[in-house]
Amino acid sequence: MTATSSIVIIVGTNRPNSMSRRIAEYYQKLLNQNNTASTILDLVNLPHDFTYTALYGNSGKNDAFNALRSQIDGAEKFIFITPEYNGSYPGVLKAFIDGLPYPNSFTNKKAALVGLSSNMQGAVTALSHLNDIFSYLGMNTLALRVKLAQIQAHFIDNEITNPLYKELLEIQAEQIIRF
């Protein structure tokens, strides 16, 4: 992949000032160090009423949602930074995915999955659920799924302080570039 190619990093929550956003920015720096361009799609930018104005019979009618959707349409690779909410991934991420054209939005595209949580599990179940959805949609995911448990203790001053987490993210970033 060249410096002109782009990967979309998706912040899997619409929570303002989320830890997921900060991890997405960290990941973007890793990609930049590997001369790979990327953009961040933050679900905080979803229209507040998109489940009513952009889905089903209203597909294509919400300009703000369409702008986010176009980032998905134009990309071949994605990195999902997904927090754990109630034992899975956030419902807003599922609603966003459901609002994309089926089945073509993710078919034959590629993704890396990063989960984060405040507990000891690192969003393992959330990543499993998300992988199941992507498998159904025909998207190929990297085998290495990075799980960042107790993330608040390991992300200080916008840097990963846990050497294993740092190494896993670096390996995964290199893998998605070559994938």
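What this report covers is the structure whose coordinates are included nearby.

### Focus on the nonpolar core
Step number 1: Core analysis: the largest hydrophobic core is formed by 31 residues, its most contacted members being Phe-78, Phe-80, Phe-96 and Phe-106.
Step number 2: Those elements that provide at least two residues to this core are β1 (6–11), α3 (63–73), β3 (77–83), α4 (91–98), β4 (110–116) and α5 (124–136).
Step number 3: Here this core gets five residues from one element, more than from any other, and that element is α4.
Step number 4: Those residues within four positions of Phe-80 in sequence are excluded, and the remaining contacts are Ile-10, Leu-93, Phe-106, Ala-111, Ala-112, Leu-113, Val-114, Leu-130, Phe-134 and Met-139.
Step number 5: Judged by nonpolar contacts, the second largest core, of 28 residues, contains Ile-23, Val-114, Ala-149 and Ile-151.

### Re the side chain of Lys-77
Step number 1: In this structure, Lys-77 sits in strand β3.
Step number 2: Lacking a salt bridge, the buried Lys-77 has Glu-76 as its closest oppositely charged neighbour, with an N-O distance of 9.0 Å.
Step number 3: In terms of polar contacts, Lys-77 uses its side chain to reach the backbone carbonyl oxygen of Ile-177, at 2.8 Å.
Step number 4: In this structure the side chain of Lys-77 is engaged in a polar contact, spanning 2.7 Å, whose partner is the backbone oxygen of Phe-179.

### Things to note about α3
Step number 1: Of all the residues in α3, the buried ones are Phe-65, Leu-68, Arg-69 and Ile-72. Summarising the axial view, the buried residues of α3 lie within an arc of 100°, below the 170-degree limit, and thus occupy one face.
Step number 2: Contacts from the buried residues of α3 go to β1, β2 (37–42), α2 (50–53), β3 and α4.
Step number 3: Backbone nitrogen of Ala-64 and a side-chain oxygen of the N-cap are separated by 3.0 Å at the start of α3; the cap is Asn-62.

### Examining the pattern of salt bridges
Step number 1: Within this structure, the stated rule accounts for five salt bridges.
Step number 2: One salt bridge in this structure joins Arg-69 and Asp-73, with 3.9 Å as the shortest N-O distance. With Arg-69 and Asp-73 both in helix α3 and four residues apart, the pair spans about one turn of that helix.
Step number 3: Among the residues examined, Arg-69 registers a relative accessible area of 19% and is labelled buried.
Step number 4: The partner of Lys-94 in a salt bridge is Asp-98, and the shortest N-O contact between them spans 2.7 Å. In this pair, Lys-94 and Asp-98 both sit in helix α4, four residues apart, roughly one turn of the helix.
Step number 5: By relative accessible area, which is 37% here, Asp-98 ends up partly exposed.
Step number 6: Put simply, Arg-21, Glu-25 and Asp-42 are held in one network by salt bridges that share partners.

### Details of the environment of Ser-20
Step number 1: For Ser-20, the position within the fold is in helix α1 (residues 19–33).
Step number 2: We classify Ser-20 as buried; its relative accessible area is 2%.
Step number 3: Taking the C-alpha atoms as reference points, Ser-20 and Val-114, 94 residues apart in sequence, are found 9.4 Å from one another.
Step number 4: With sequence-adjacent residues up to four places away left out, Ser-20 is seen in contact with Val-11, Thr-13, Ile-81, Pro-83 and Leu-116.

Each value, and the rule that gives it
- Residues numbered from 1 in each chain as written.
- Predicted model: local features only at pLDDT ≥ 70, side-chain atom pairs only at ≥ 80, totals over all residues.
- Heavy atoms only, no water.
- Core = buried A, V, L, I, M, F, W, Y, C linked by side-chain atoms within 4.5 Å.
- Buried < 20%, exposed > 50% of the residue type's maximum accessible area, 1.4 Å probe, protein only.
- Helix = DSSP H or I, 4+ residues; strand = E, 2+ residues; numbered from the N terminus.
- Contact = heavy atoms within 4.5 Å.
- Lys, Arg positive; Asp, Glu negative; His and termini not counted.
- Salt bridge = Lys/Arg side-chain N within 4 Å of Asp/Glu carboxyl O.
- Polar contact = N/O pair within 3.5 Å; in protein donor to acceptor, adjacent residues only side chain to side chain.
- Arc of directions from axis to C-beta.

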